[in-house]
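The chain contents come next:
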Amino acid sequence: MTDHHSPHPPHGSDSSGSSGSSGTEAGLRDRWHDTLVAARAGAAGPDPLPYAENLLARWAEPQRRYHTTAHLSTVLDRVDTLAGHADDVHAVRLAAWFHDAVYRPDRSENEERSAALAERALPEAGVPDAVTEEVARLVRLTVTHDPADGDRNGEVLCDADLAILAGGPQEYGAYAAQVREEYGFVPDEAFRAGRAAVLRQLLNLPRLFRTPYGAAEWEARARHNLATELELLASSGTG
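In what follows, the accompanying structure is described. (Residues numbered from 1 in each chain as written. Predicted model: local features only at pLDDT ≥ 70, side-chain atom pairs only at ≥ 80, totals over all residues. Heavy atoms only, no water.)

### Here's the deal with the overall build of the chain
What counts, and what does not: Labels follow the DSSP assignment, with helices taken as runs of H or I lasting at least four residues and strands as runs of E lasting at least two, numbered in each case from the N terminus. Partly exposed describes any residue whose relative accessible area lies between the buried limit of under 20% and the exposed limit of over 50%, with all areas from a 1.4 Å probe on protein chains only and scaled to the type maximum. With residues, only the protein chains shown are counted as cover, and all accessible areas are computed by Shrake-Rupley using a 1.4 Å probe.
The helix and strand tally for the chain stands at eleven helices and zero strands. For the chain, the succession of helices and strands along the chain, N to C, is α-α-α-α-α-α-α-α-α-α-α. Looking at the 239 residues of the chain, the share that counts as buried comes to 51%. With the model as given, the accessible surface of the chain reaches about 10,000 Å², and the carbon-plus-sulfur share is 51%.

The following block contains the structure:
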């Protein structure tokens, strides 16, 4: 069981399985292009498309059920919702693209590997060093989802990544089921114990959401969902 504040159980980092319809992927390619060009701040760079294709291929890997292109698209949507709070929204959007670009549910170093991928790819893609450093920092922050006070970029990325916790009953239920599928190699009892520990860690945080919007719109619903899932896990383990 990992000891960080990720909403997922053993070994991993954070809506449907294959989910990447051609329409969704086309939209994501456009979003990547616009974000990368904006992050370059007028500097020249190579064609953005091959970088988008590499990342989209990663997000479509077969071991993923929740950490898919649908999750990526949703996180980007939530970043858009919170964009006014960020100090550098382009860096936050790039961090969203990279935050689970390396994802193996049986490993614990996904965030570090994802950050390292950003550190290799973004300078080659024409992104300034300072922006690259900020993107990598933000990706590493998703280990804990615990940004420092005043870290507005970190607050936006972490709130966007955790926003699924505030979904309606059907959305949250689908999310929980997809996380279980990603950990299909973990026996039921071990999964229940690991998942329950994660849920308790999250519930013990003083605040799940740090942006004003997230605190107002998502906090109460997310805590209700987490507590409900914890109760269901407890009852399923006593049957």
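### What to know about helix α8 (residues 169–182)
This is how it is decided: Expected helix span is given by 1.5 Å per residue-to-residue step, counting one fewer step than there are residues. The arc refers to the directions leading from the helix axis to the C-beta atoms. Throughout, a contact is declared for two residues whenever any of their heavy atoms are within 4.5 Å.
An ideal rise of 1.5 Å per residue puts 20 Å on 14 residues; α8 measures up with 20 Å between its terminal C-alpha atoms. Here α8 has its buried residues at Tyr 172, Tyr 175, Ala 176, Gln 178, Val 179 and Glu 182. Taken end-on, α8 shows its buried residues confined to a sector of 160°, consistent with a single buried face. Facing away from the buried side of α8 by more than 90 degrees, the exposed set consists of Pro 169 and Gln 170. As for α8, its buried residues are in contact with α9 (188–204) and α11 (219–236).

### Remarks on the environment of Arg 195
Mapped onto the fold, Arg 195 is located in helix α9. The spatial distance from the C-alpha of Arg 195 to the C-alpha of Leu 230 is 8.4 Å, given a sequence separation of 35 residues.

### Considering the nonpolar core
Which entries qualify depends on this criterion: Working definition of a nonpolar core: buried Ala, Val, Leu, Ile, Met, Phe, Trp, Tyr and Cys residues. They are joined through side-chain atoms within 4.5 Å.
Counting 65 residues, the largest nonpolar core has Trp 32, Leu 94, Trp 97, Phe 98, Leu 122, Val 135 and Leu 165 as its most contacted members. A per-element tally of this core places helix α4 (residues 89–98) first, with eight residues. Those residues in contact with Trp 32 that lie beyond four places of it in its chain are Pro 48, Tyr 51, Ala 52, Leu 55, Leu 94, Trp 97, Phe 98 and Leu 122.

### Some words on the packing of α8 against α9
This is how the line gets drawn: Here the axes come from fitting lines to C-alpha atoms, over the contacting stretch only for helices, and the angles between their N-to-C directions go from 0 to 180 degrees. The cut-offs work like this: below 35 degrees is roughly parallel, past 145 is roughly antiparallel, 65 to 115 is roughly perpendicular, and the gaps in between are oblique. By the definition used in this description, the sense in which the near helix is turned from the far one sets the handedness, with an anticlockwise turn below a right angle giving left-handed and a clockwise turn giving right-handed.
It is the contact of α8 with α9, at a shortest axis distance of 12 Å, that shows an interaxial angle of 130°. Classed by the angle they form, the pair α8 and α9 counts as oblique. The element α8 and its partner α9 pack so that their crossing is right-handed. Residue-level contacts link Tyr 172, Tyr 175, Val 179 and Arg 180 of α8 to Asp 188, Phe 191, Arg 195 and Leu 199 of α9.

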